[in-house]
Amino acid sequence: MLSNLPTHGWLAVLPDAASLALVVLSVLTAAFVGLPLWANSLVLLALLWSAGLPLPVLALVAVPVVLFNVPALRRALLTDRLAAFLVRAKLLPVISDTEREAIEAGDVWVDGELFSGKPDLHALVRTPWPGLSEAERAFLDGPVEQVCRMVDDWQVWQDRDLPREVWDFLGKQRFFGMIVPKAFEGLGFSATAHSAVIQKLASRSMPLAITVMVPNSLGPAELILHHGTDEQKQHWLPRLARGEEIPCFALTEPAAGSDAAAMEARGVVFRRANGELALRLTWNKRYITLAAVATVLGLAFKLEDPDELLGKGKQLGITCALIPTNTKGVVLGRRHDPLGVPFYNCPTSGQDVEVPLDAIIGGVAGAGRGWRMLMECLAAGRGISLPATSCGGAKLVARAVGAYAGVRKQFGLEIGRFEGIEEKLARIAGNAWLLDAARLFVTGGLDAGLKPPVVTAMAKYQFTELFRESINDGMDVQGGAAISRGPNNTLAHAYVGAPISITVEGANVLTRTLMVFGQGAIRCHPYARREIEALAAKDRAAFDRAFWAHVGHVIRNGVRAALLSLSRGRLARSPVSGPSAVHWRRVAWASATFALLADLAMAGLGGDLKRKEKLTGRFADVFSWLLLVTAALRRFEAEGRKSEDLPLLHWSCEQGFLRMSQALQGIVRNLRIPFLSWLLRGPLALWGRVNPLGHGPHDALGAKAARTLLTPGETRDRLTAGIATEPEASRGLGRLEAAFAACSAAAAVQGRLKDAVKRGELQKAPAERLLAEALGKGLVSAAEAQTLRDAETLRRAAVEVDSFTLEEYLATAGKLAQHV
Ligand SMILES: Cc1cc2nc3c(=O)[nH]c(=O)nc-3n(C[C@H](O)[C@H](O)[C@H](O)COP(=O)(O)OP(=O)(O)OC[C@H]3O[C@@H](n4cnc5c(N)ncnc54)[C@H](O)[C@@H]3O)c2cc1C
């Protein structure tokens, strides 16, 4: 104890307890801010010396300090033995070649900050926020608006295809070449513009959006653009951009779905009779979007060169090639029926199909490089198409369901005024705002030239799940009106199609459990990958450096997690002041807790963690909600801190921190690691329940968020900006909008009538009689009475649902049967 120490140090001027507190505080502060080990050691020694510790005791303390700070000593005595043990005990994750290529593809971005435990909040608040160029805006207001008007989604479902003139228009207006640079006759759009186009098309018609999405996402254009030879670029890109070639990309097979690298498609290099080298390809692919109408098939297969004609070995690995679909032996034409959603989704096969060697994307140099190409392209693509589709869908739900809840009356009240409905509306509004924030946050990164696969995997997973949540809520609010299909139904087709987004581009269960955290832990962790690679390369010096830096990192995060939890984040410095500062601080707190637990799980479970998917899934939830909350906070700043958006910002953050808390609770209660399980499951789980990161949005906050959907005006319009409007005011969304505007305009007069009844000036009576009496008594003017009557007419029309004669009904079913 310090009370027994001699009093020559300057700390002696303080009482003993204060000295002790100062030493502890200084050491904790040094750890909290993350000083390197040597600096931490100096702080400790200086403080102990100042406290008057006798030299022999100081020397004793100095022994481990020196040991840990002198690399040669540290390695000889500790690290080399530890490294040998880790290798012997197989505690490090085994990374397959395909996993390694996936891990090496693309960039680490804000995911690295959020995984660090000490994110640079000042950098996060300055992440690039994207905008649209004049040309991109003009395209959205011109051709995109026009094609939305040309497409009647109900008719598309009846005809089981887009009209011919829409296909032609899409080609002519370069919709299929949004990602192709202008130099190759494409539109050369940014990721943000590409996303805005898909968002708008998706809100009008899913088959329309999918048809445009596929040529612009992972597929021939993307692969040729980044990996093609000059000749391939010159040949294919202008044709694809002009819509003269319709592409598809075939990766999935009956035995290779999520595990795409297990593909059985084969290519063999051989020499033709004329001496030219060529490929003989055999494949059986399924679920290939656009395949039946494609003119060029992108194919992934494993390439073999038994006679080593290319001089690169016998097994070259996964390779991508472009095959004109009129090549002899290409089998196309059959269709799958993806939940009845009328877009082209098909199987394709080929047996010993011969193509020239230059069909390989990237030429001979591209042989065997297919997996890496696919991983790199997916790294960007996952952040655009499906997030845009989900965001467009979530905004459509917000607009249509809000209007319906403001128009539909039961028990004498608009249903939006019932708390049960309000709860759903709050989630619909919050999700729409949050998804738009995250959409722009992610495309901002992509437009800055980054390809962050973990961020885009988080986006793909969370966007599609949150859209599913929104559409389910929307269906509940609209009730029978959502279930009865017909030209006036605004939700049913989006509801039916929701599982498609969940499954494609990496089915969500796998994306969540294996990609977001599985890959994230290796990619985004500041030291894990360096340690694994150093051990694999038997580079003990590199392992020593990474390992001890890692130890310091864990100590820092442990101290940060404890202090930030005790202070509920107040010890972190927010990069902004005002109402959002509290959330920024909680981002720091959540990141420290997440990083600490991730390290404990990695250290305690080693390579086994990969198989503990219930744990990695929960880690993925914390990680991806951290990203979403950060995006929401960034949006609030980027849009000039609009006070009317505060309910939506607070709702999004509270929801995010609640989800993080639930996932963290699940982790501490289920993480089984030697010596620490009792601490995690007992005191820490209890502390997490007493002092969670978040409790979720308060009811009053939910009410404010819901009101944004029930009040016509700028906030509602901004919340749902960028989606297609219904051109016909008497149909579907148009009919709802008209009724909503009229009912909102009539609300004040309606309120006056109600008050008059309450005061006894009017007798309770059916609407028309009440109005006549009010008119007679001069309580409303003739114009106001007409406003009320118009609103009532529109209200009644808006809640009507479609019905069919038996012939019409059977004709619809017959058309369906014909096309399936
Ligand atoms: C409408 C539609 C369009 C498509 N378009 C194309 C296209 O154009 N080109 C193309 O090549 N492919 C396309 N696909 C294929 C799509 O990418 C696959 O469906 C997807 O990869 C999943 O494969 P699967 O359906 O065989 O499911 P499976 O691989 O059988 O997976 C079934 C379930 O198991 C989960 N799972 C699998 N492995 C794991 C694991 N290790 N850990 C945890 N969970 C796991 C999955 O997440 C999923 O939930 C399309 C699919 C559909 C439905």
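Residues numbered from 1 in each chain as written. Predicted model: local features only at pLDDT ≥ 70, side-chain atom pairs only at ≥ 80, totals over all residues. Heavy atoms only, no water.

A. Spatial organisation of unusual backbone geometry. Notably, Glu308 is not glycine yet its phi reads approximately 50°, a positive angle. Here Glu308 lies in the loop between strand S4 (296-304) and strand S5 (315-324). Owing to a relative accessible area of 38%, Glu308 belongs among the partly exposed residues under this scheme. Although it is not a glycine, Glu505 adopts a positive phi angle of roughly 50°. Counting through the fold element by element, Glu505 comes out in the loop between helix H20 (492-503) and helix H21 (508-523). (Helix = DSSP H or I, 4+ residues; strand = E, 2+ residues; numbered from the N terminus. Buried < 20%, exposed > 50% of the residue type's maximum accessible area, 1.4 Å probe, protein only.)

B. Fine view of the packing of aromatic side chains. Summed over all chains, the structure comprises 18 aromatic pairs. Both rings, one in Phe115 and one in Phe594, keep their centres 5.1 Å apart while their planes meet at 75°; by these two values the pair is edge-to-face. Remark: Phe594 occurs in helix H24 (residues 581-605) and Phe115 occurs in helix H6 (residues 110-116); sequence separation between them is 479 residues. According to the relative accessible area criterion, Phe594 is buried, its value standing at 0%. (Phe/Tyr/Trp six-rings, centres within 6.5 Å; stacked < 30°, edge-to-face > 60°.)

C. Highlighting the nonpolar core. Residues Phe517, Phe623 and Met660 are the most contacted members of the largest nonpolar core, which totals 134 residues. With residues up to four places along the chain from it excluded, the contact list for Met660 reads Ala590, Val622, Trp625, Leu626, Val629 and Leu693. The next biggest cluster of nonpolar side chains, apart from the first, holds 66 residues, and it includes Met213, Leu303, Ile323 and Leu386. (Core = buried A, V, L, I, M, F, W, Y, C linked by side-chain atoms within 4.5 Å. Contact = heavy atoms within 4.5 Å.)

D. Structural context of the layout of surface pockets. A volume near 1,100 Å³ is recorded for the second largest pocket. As for the second largest pocket, its lining consists of 42 residues, of which Lys409, Gly412, Glu414, Gln750 and Arg795 are closest to the centre. Elements supplying a minimum of two residues to the lining of the second largest pocket: helix H16 (385-407), helix H28 (699-710), helix H30 (732-759), helix H31 (767-776) and helix H32 (782-798). The greatest single-element share of the lining of the second largest pocket, amounting to eleven residues, is contributed by H30. Residue composition of the lining of the second largest pocket, by class: 20 nonpolar, seven polar and 15 charged. (1 Å grid on protein atoms, 1.4 Å probe; cavity = no way out; pocket = protein on both sides within 12 Å on 5 of 7 lines; lining within 4 Å. Points joined across faces, edges and corners; volume = space filled by probe spheres on them. Nonpolar A, V, L, I, M, F, W, Y, C, P; charged D, E, K, R; others polar.)

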